[in-house]
Each structure stands twice: as structure tokens, then as C-alpha cells.
Amino acid sequence: MIKTIHNLVYILLLGIFFFNFPEYAFSLNIIPVRIENTPIYLKIGKDVILSIIILLSLIRIIRSGKIFKIQVFFLILLFYITICCFLTQDKNLCISGLRWIMPLIFVGAIYPYINEFFIQKITRLLFILLIVQVSTQCIELFVMPPVQGVNALGLANRVPGLFYISNTASVFVIFTYFLIKYFERKQSIRRVGTILSIISLLLMMSSTGTFIFIITFFFDKYYHSKFFKLFLLISPIIIYILFTNLDTLTGRSAGNTATSGSIRLSILNQCLNETSLISLSFGEATNTAVNLNLKNAFIADSNIISLYHNLGLLGFIPCLFFYIHMTATAWLRKKKDLLIFLMIYLLSSMPVILFEIFPANIISSILLAYYIKRETSKIKGTTNKQLVSQKQKLSLT
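Attention here is on the structure that accompanies the text. Predicted model only: the values in this text are computed from it and were never measured. (Residues numbered from 1 in each chain as written. Predicted model: local features only at pLDDT ≥ 70, side-chain atom pairs only at ≥ 80, totals over all residues. Heavy atoms only, no water.)

## Structural notes on the side chain of Thr 208
Point 1. Structurally, Thr 208 is set in helix 10 (residues 207-222).
Point 2. With relative accessibility at 9%, the residue Thr 208 sits in the buried group.
Point 3. At 2.4 Å, the side chain of Thr 208 and the side chain of Asn 167 are in polar contact.
Point 4. Filtering out sequence-adjacent residues up to four positions away, Thr 208 remains in contact with Asn 167, Ser 170, Val 171 and Pro 351. (Helix = DSSP H or I, 4+ residues; strand = E, 2+ residues; numbered from the N terminus. Buried < 20%, exposed > 50% of the residue type's maximum accessible area, 1.4 Å probe, protein only. Polar contact = N/O pair within 3.5 Å; in protein donor to acceptor, adjacent residues only side chain to side chain. Contact = heavy atoms within 4.5 Å.)

## Focus: the packing of aromatic side chains
Point 1. In total, this model carries 26 aromatic pairs according to the counting rule given.
Point 2. Where Phe 219 meets Tyr 223, the ring centres are 5.7 Å apart and the plane angle is 40°; that geometry is what we call tilted.
Point 3. Aromatic ring contacts, followed pair by pair, group Phe 175, Phe 178, Tyr 182, Phe 183, Phe 341, Tyr 345, Tyr 370 and Tyr 371 into a single cluster.
Point 4. One residue, Lys 181, lies across the ring of Tyr 182, its end atom 5.8 Å from the ring centre. (Phe/Tyr/Trp six-rings, centres within 6.5 Å; stacked < 30°, edge-to-face > 60°. Lys NZ or Arg CZ within 6 Å of the ring centre and 35° of its normal.)

## Looking at the pattern of salt bridges
Point 1. Within this structure, the stated rule accounts for seven salt bridges.
Point 2. Taking the shortest distance from any N to any O, the salt bridge between Arg 374 and Asp 337 comes out at 2.9 Å. Of the two residues, Arg 374 sits in helix 17 (residues 360-379) while Asp 337 sits in helix 16 (residues 336-349), which places them 37 residues apart along the sequence. This pair shows no difference in class: Arg 374 is buried, exactly as Asp 337 is.
Point 3. A salt bridge links Glu 375 to Arg 374, with the shortest nitrogen-to-oxygen separation between them at 2.8 Å.
Point 4. Overall, the relative accessible area of 15% leaves Arg 374 in the buried class. (Salt bridge = Lys/Arg side-chain N within 4 Å of Asp/Glu carboxyl O.)

Structural data, given as C-alpha cells:
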């Protein structure tokens, strides 16, 4: 079963060429009209694969009678979602909500099958996808209709590569860069991966990607430095200066970043006033519901807002404490890679609904499952030698 699930994940990630075809076909001038919403028969493909993986994991639990403690959390979450669906009048919203929450449930499903060798294989696969991403962007410079204007050279501006918009493309590049930096063993590939990531971000000029990359770059650079405490002290000033100059850095119209931020704050304020203890509108704050034109559906434009509104206060608080606990654990144990991952996860969840942008949702869920397993194993007193032995057994299964 381990090989089957691993292979399904590889197929899912490679499916970007099929699932995202309408998104990059226009940019490559293959089709004359830009398709805003990917056809349902393409979208459902990745949902089916994800559902199969979750189902196989549930079958394993039922057959073996064994369950990891962390999986209990996700089963409780499933039970809570069932209650939310029962309380939500529009059941079409529930379908949208289930599609939205699947990547989070996927964390619990993939957990038993995670090992470092699996992560390294995914890293190498994503490195190949990054090469294709940058190559696609380079072609789009010359053939993409200038829907985002033109740059100083008269070429297409903000080219998204294999994606519909540069914002979602940047999140994919950031997570890929993280994997290559911390899990790729060959130094040559790490160097090339870093260069390609920077080129990709420069070509797409995404505020989200630029902001996250700069923040995590300096955090990584100064983490072991004697100036690290000073860096933390002045970091609010750095963030403020960076945020107020993002439009200049990314070539966007003046005020775009501030307007975008104020819109999200307005949505958050509305949700704080309307969201109940237990969600009565599960799935309302999802892109899927908006694309289906469901009643009361709205664009949350943030994974945090989406979590809060769709799960209600009772569902949101455990997720918040879970994140705080992981961050505190990483800080106390001085796990730089985990801290940076959690920073990327949080920062990328602010401007987009991370659960709904493929394949970043799958990559982030796999990494989350890996880090939960790694830290849990060490809490239980598992030695590094035992971990390596377990990984070797898993890889041979």
C-alpha cells in the first residue's frame, strides 16, 4: 500500500500539466481566450486521486485496528465537519467545503507513509517541475498576450508559467525552493534550484512571493548569527519598509498592495462579526463555492479567514493552538527548517486560500505531515539510527 500511495502522490503532482492546462494554455497562446474557471472534469481529477489516498488510509486503519495519535485529531476534525454539514442548510456549500478541507485531511492520511526518502523523491520531482515552470515563463515573455502589461523591454509582464496568476505560482515556487534548499543532497541542484526560484519570482513579480522569499532569506541568513536577536528586534521595521515598497519592487501600480491588504482586513472584520461558535455555513468562504455561484458564497482571499469562517470558532481554535504549539516546539528545539516552513505556511495563508491552490496545497500538506512525524518521533525518544532504519524499511516496502 505504501508504494501505491507514493505513486498516487507522484501522479497527482505530475498532473499539473493536465489539471492546469487551461491556466497556461492562454499564456502560451495555445488558445485564444483566457478561461477563468477550469472545467469541472479537469478539477475533479485531482480530487478523485486525493480521495483515493484518504480512503486507502482509512481502510488501513480499519484493517489493522491501529491508529496514530495525530490521526485521531483528524478523525475528530472529520466528525466535527460532519456536524457542520448537518447544520448547514445549503448542502452544495458542504460539497465545496469538503473539497476545500481535503488537503488538511490529507495530512492525517499521508502521515503513516511519510519518510525522508519519499520527501527527497518529491523534491527531485519538484525540481524538474521548477525547470519546466521557468522555461514556460521564458516562452510566455514573447508569446503571452500582455494582459498584465509589458515590462521595460516591451515583453509580457508578470508571466505566471504553468499557473493562471502569478500569486498562486509564487506560492508553488516558494515551497519548491524550500524543499530543494533543505532536502536536496546534491549541492549543485540546490544552487540551480535557488537560481531558478529567484528567476521565476522575478519573472512573475508577485508581491506574495517576493515578500515571503525576502523575509525567509534573511531569517535563514541570520538565524545562527550573533546579530539574530538584533534582526528579530528590527524585523517589524524591515517588514514595514518591505510591505510599503512592494509595489515598487514588483512593478505594480502604486497602492495595489495597501488596497489588497485593506480588503482582506475588511473581510476579516466582517467574518469576526458574523461567524458563529459552530459553523452554520460550512464551505461558504471557498473559491469553489464562488465559482459555482452559490448563495452567500464570498471570496475570502485568505486561508486564515477561510478556516475561521468555514469551521467556526470551535473548529478554528484547535487549528490555531496546533500551529502555535508547533511553532513553540520548533523555537525551543532550535529547528530552523521547521520554523522557516511554518513562516512560509503562515505567510502564504494570508493572501491566498492555500487549501485550494494546486499543487501548493499538496506540497504544504506533505511537509506538514513530515514535520509532525519527525517531531513526534523525537518526543517519543526515537533515536536517529532508529529513524533511518524505519525509513529504509518503508522504502523497501
